[in-house]
Amino acid sequence: MQKKIDYIKQNSSAASLAVGAALLTAVANRSGVGWSWDTSDYVAVGKNIATGNGLLDATGLPMTVRPPGLSILIAIGDWFGLSANLTVQLLNAICAAIVVVATHQLLRVAQTKISTRIIATAFVAFSPALFWQYSMIWSEPPFIALVAVAMIISLRPMNTSKFVSLVILFIALFFVRYVGPVFAIAIAIASTWFDRRQLDLFKSALTNFLILAISLIPVWFWLQRNKNLDGTLTGARTPGYGSLLDPLKTFTATLGSWLTGSPVEGGIYLSWNDYPETTKILGVLFVLIIVVLLTVYTVRQFSERSDFAQSSVLVLSASISVIYIAFSAYRFVHLELGPLDNRMMIPIYVPLVLVVAILIDNIQVSSKLLSTTSKVIFVLLVAFQAVLSINDARRFGRDGRYWSAQAFQDQPIHQFVKSLPKSSSLMSNQPQQLFAVWQQSSVFNQYQLELAQNADCDHRYFIWYNSTYNDGTPNVEGQPEGAETIYADGSGAVLDLGSCNTDITTFWP
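For clarity, every value in this text was computed on a predicted model and none was experimentally measured.

(A) Looking closely at the packing of helix 2 (residues 37-50) against helix 20 (residues 431-438). In contact at an axis separation of 8 Å, helix 2 and helix 20 are set at 60 degrees when each is read in the N-to-C sense. Between helix 2 and helix 20, the crossing angle belongs to the class labelled oblique. Once helix 2 is placed against helix 20, the crossing between them reads as left-handed. Taking contact as the criterion, the partners of Trp-37, Ser-40, Asp-41, Val-43, Ala-44 and Lys-47 in helix 2 are, on helix 20, Gln-432, Phe-435 and Ala-436. Class assignment of the residues belonging to the contact of helix 2 with helix 20 gives a composition of five nonpolar, two polar and two charged.

Following this line, the structure appears as C-alpha cells:
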C-alpha cells in the first residue's frame, strides 16, 4: 500500500512540474513566440506548404539548409485555422511538458532515490537554458522532446512496437533537425547493448542496425533531393577550421552558463573568450567533477561486479552526450561554423542532467549531515534557476524576443510596411528580417530579379535597411537606383519600384 501511495505522489510531482513548465512557456510566449532568421524560413515554408506552393523559404527558394519537420507542423496548424504563432505556442508548451515527464520517467527507470528524481526533474522543468528554446520558433523544442521519448523507447525490451517506434522516431529526428542521425546512431548503439541479454549480442546488433538502416532510407531520398536542387546535401555551409580544442572550450563555458542560469547564444564567431570568467571557471570545474564521479562509479561497478543493466540510463545518456559533443566539435571545424553555445548544445541538456543525477545518487555518503547539506545545495540551485526562468518568462512575455519584440515590430518603417496592400510584392536587402513583419508572400533580395519579375502581384516595393537589427552591421551594396522614396527614417527607406508589369532590371543597371 505504501509503495502505491509513493508511486502516486511521484507521478503527481512529475505532472505538477510538467504543468508548471508548460505554463511558464505559455507566459514567455504570451506576446508572441520569438522570431529570428531561421524562424522566417520555417514559417515561410509552413505557409507555402499549407497553400500548396511547395517547400519555399522566405525568399521564394526551395529550402535545403533546414529540414521541413517544424514547417510541416506549422502547415498543419494553418490547415486547422491556427496562426503560426499560436501553433508554436501550443507546440512548445507541449514539448516542455513532455521533456519534464520523460526526465522523471528515465530517472525512475534508473532507480534513483525519490529526492534525487524530484530535484533533477525540477532542474529540467525550470531551466533557463531550456526556456530560451521554448520561447522561440525554432526546431529545438520538438527535437529535444523526440530525443527524450526515443531514449525511453530504447530502454524497453525488443518487440515489434519498439522496432516500429524507433524507426519512426529516428526518421522524425532527422526531419526536425539534420543532426538527428547522430542521436539515432548513439541510441541504436545503446539499444544494442540493452537488448543483448534478450536476443544475444549478434541478433541485438543486427536488429538495431536494421532499425537504423530503415530510418535512413527517407533520409537518403531527402539528401538526394537537396543535392539535385543546389549541389549540397544540407545547404551551403562554411567550416570554422582551426583546432578541435576551440569548440570544446566553448562548450565547457556553455556548461558554466547553464549552471549560472545565464545561457549564451552568440553569433557564428562566438568563442571561449566571449564568455564571462565565472562561466568558464564553473564549466571547467563541472567537467572535472563529472570525470571524477564517472571514474569512481565505473571502478565501483567493476569491483562489486554489479549488473550494468541497472546503469542502462547512464550508459544511454553518456553515449548520447559524448557522441554529440564529439560530432559538434568536428562539425564546427570541418563542416559548419556553428559555435557550441546554448542553442547548439541544448539537445544534450537532459542527458547531461541524467548523468549527473545518477552519479550523485550512487554516491554512498556515511555522514547524514553531508548528505543533507548536498541536497540543500541542489534544492537552492533549482530555486535559483526557477527564479531566473520566471523572470525571463515575464520579460519575454512582456517584450517578445528578437524580431517578435514590440520594439522591432513597432518601428515606424514596419508600421508603414504593414499598411502596404497585401497584393504587393516586396524586395529587401534583409528579406528574412522583413518577412518577420510582412508574413504574406516571399520577400526577394536584390539578387533575385528573375523571381521578382515573375511574381504575381500588383505593385513592387523595396525596403532598404541601413543596418541589420540583431547586430547593427551596416548595409552598403545593392540599393536600387532611380526608385522613388516613399518613406525614410534612420533605420532605412521604402522605395517604390512601380507596377508589376514593368521591367525591374532598370533599377539595377
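(B) Representation of the nonpolar core. Judged by nonpolar contacts, the single largest core of 121 residues is most densely connected at Phe-170, Phe-183, Met-345, Ile-348, Leu-426 and Ile-463. With twelve residues, helix 4 (residues 84-109) is the largest single contributor of residues to this core. Those residues in contact with Met-345 that sit more than four places away from it in its chain are Phe-251, Trp-258, Tyr-324, Ile-325, Ser-328 and Leu-340. Met-427, Ala-493, Ile-504 and Trp-508 belong to the second largest nonpolar core, which has 13 residues in total.

(C) Geometry of the state of the cysteines. Per the counting criterion, the structure on display carries one disulfide. In this model, Cys-457 is linked to Cys-500 through a disulfide, with the two sulfur atoms separated by 1.8 Å. Here the disulfide of Cys-457 and Cys-500 is left-handed, its torsion about the S-S bond being about -115 degrees. Here Cys-457 is found in the loop between helix 21 (449-454) and strand 3 (459-465), whereas its partner Cys-500 is found in the segment after strand 5 (492-499), with 43 residues between them in sequence. For the pair Cys-457 and Cys-500, one class covers both residues: buried.

(D) Highlighting unusual backbone geometry. Positive phi values are uncommon outside glycine, yet Gln-111 reaches one of about 60 degrees. Residue position: Gln-111 is located in the loop between helix 4 and helix 5 (114-125). Its relative accessible area of 55% is what places Gln-111 among the exposed residues. Of note in this structure, Asp-200 is not a glycine but carries a positive phi near 80 degrees. Position of Asp-200 among the secondary structure elements: in the loop between helix 10 (196-199) and helix 11 (201-230). With relative accessibility at 36%, the residue Asp-200 sits in the partly exposed group.

(E) How the structure looks around the environment of Leu-359. Along the chain, the position of Leu-359 falls in helix 16 (residues 349-361). Residue Leu-359 is classed as buried on the basis of its relative accessible area, which comes to 2%. Sequence spacing of Leu-359 and Ile-463 is 104 residues, and the spatial spacing of their C-alpha atoms is 56 Å. Discounting chain neighbours no more than four positions away, the residues touching Leu-359 are Ile-290, Leu-293, Leu-294, Tyr-297 and Leu-314.

(F) Expanded view of the sheet that holds strand 3. Sheet architecture is open: five strands sit in the order 2-1-3-5-4, paired in mixed fashion. Each edge of the sheet is formed by a strand with only one pairing partner; in this case those strands are strand 2 (443-444) and strand 4 (484-489). As paired strands, strand 1 (residues 425-428) and strand 3 are joined by four bridges and run parallel to one another. When the sheet's bridge partners are listed, Ser-428 is paired in strand 3 with Ile-463. Helix 20 rests against strand 1, strand 2 and strand 3 of the sheet, and its axis sits at about 140 degrees to strand 1.

(G) View of the packing of aromatic side chains. A complete count under the given rule lists 15 aromatic pairs for this structure. For the pair Phe-174 and Tyr-178, a centre-to-centre distance of 5.3 Å together with 45 degrees between the ring planes defines the contact as tilted. Tyr-178 carries the same exposure label as Phe-174, and that label is buried. Aromatic pair Phe-175 and Trp-222: ring centres 5.8 Å apart, planes at 75 degrees, arrangement edge-to-face. Of this pair, Phe-175 sits in helix 8 (residues 160-176) while Trp-222 is found in helix 11, placing the two residues 47 residues apart along the sequence. For the pair formed by Phe-175 and Trp-222, the shared burial category is buried. Taken together, the ring pairs in this structure connect Phe-123, Phe-251, Trp-258 and Tyr-349 into an aromatic cluster.

(H) Summary view of the pairing of strand 1. Of the two faces of strand 1, both are covered, the one formed by Ser-425 and Met-427 as well as the one formed by Leu-426 and Ser-428. Both strand 1 and strand 2 contribute to a ladder of two bridges, which runs parallel. Note that in strand 2 the partner of Met-427 across the bridge is Phe-444. You can see the chain leave strand 1, run along helix 20 and come back into strand 2, and the turn it takes is right-handed.

(I) Molecular detail of the pattern of salt bridges. The tally for this structure, following the rule as stated, stands at twelve salt bridges. With its nearest N and O atoms 2.9 Å apart, the salt bridge here joins Asp-38 to Arg-343. Of this pair, Asp-38 sits in helix 2 while Arg-343 is found in helix 15 (residues 342-345), placing the two residues 305 residues apart along the sequence. Two residues, Glu-140 and Arg-343, come together in a salt bridge whose shortest N-O distance is 2.9 Å. Of the two residues, Glu-140 is situated in helix 7 (residues 140-154) and Arg-343 in helix 15; the sequence distance between them amounts to 203 residues. In this structure Arg-343 comes out as buried when scored by relative accessible area, which is 15%. Counted as one network, the salt bridges with shared partners bring together Asp-38, Asp-41, Arg-66, Glu-140, Arg-177 and Arg-343.

The rules behind each value
Residues numbered from 1 in each chain as written. Predicted model: local features only at pLDDT ≥ 70, side-chain atom pairs only at ≥ 80, totals over all residues. Heavy atoms only, no water. Axes fitted to C-alpha atoms, helices over the stretch in contact; angles between N-to-C directions. Helix = DSSP H or I, 4+ residues; strand = E, 2+ residues; numbered from the N terminus. Parallel < 35°, antiparallel > 145°, perpendicular 65-115°, else oblique. Left-handed = near helix turned anticlockwise from the far one by under 90°. Contact = heavy atoms within 4.5 Å. Nonpolar A, V, L, I, M, F, W, Y, C, P; charged D, E, K, R; others polar. Core = buried A, V, L, I, M, F, W, Y, C linked by side-chain atoms within 4.5 Å. Buried < 20%, exposed > 50% of the residue type's maximum accessible area, 1.4 Å probe, protein only. Disulfide = S-S within 2.5 Å. Pairing = 2+ DSSP bridges. Phe/Tyr/Trp six-rings, centres within 6.5 Å; stacked < 30°, edge-to-face > 60°. Right-handed = clockwise from strand over helix to strand, strands pointing away. Salt bridge = Lys/Arg side-chain N within 4 Å of Asp/Glu carboxyl O.

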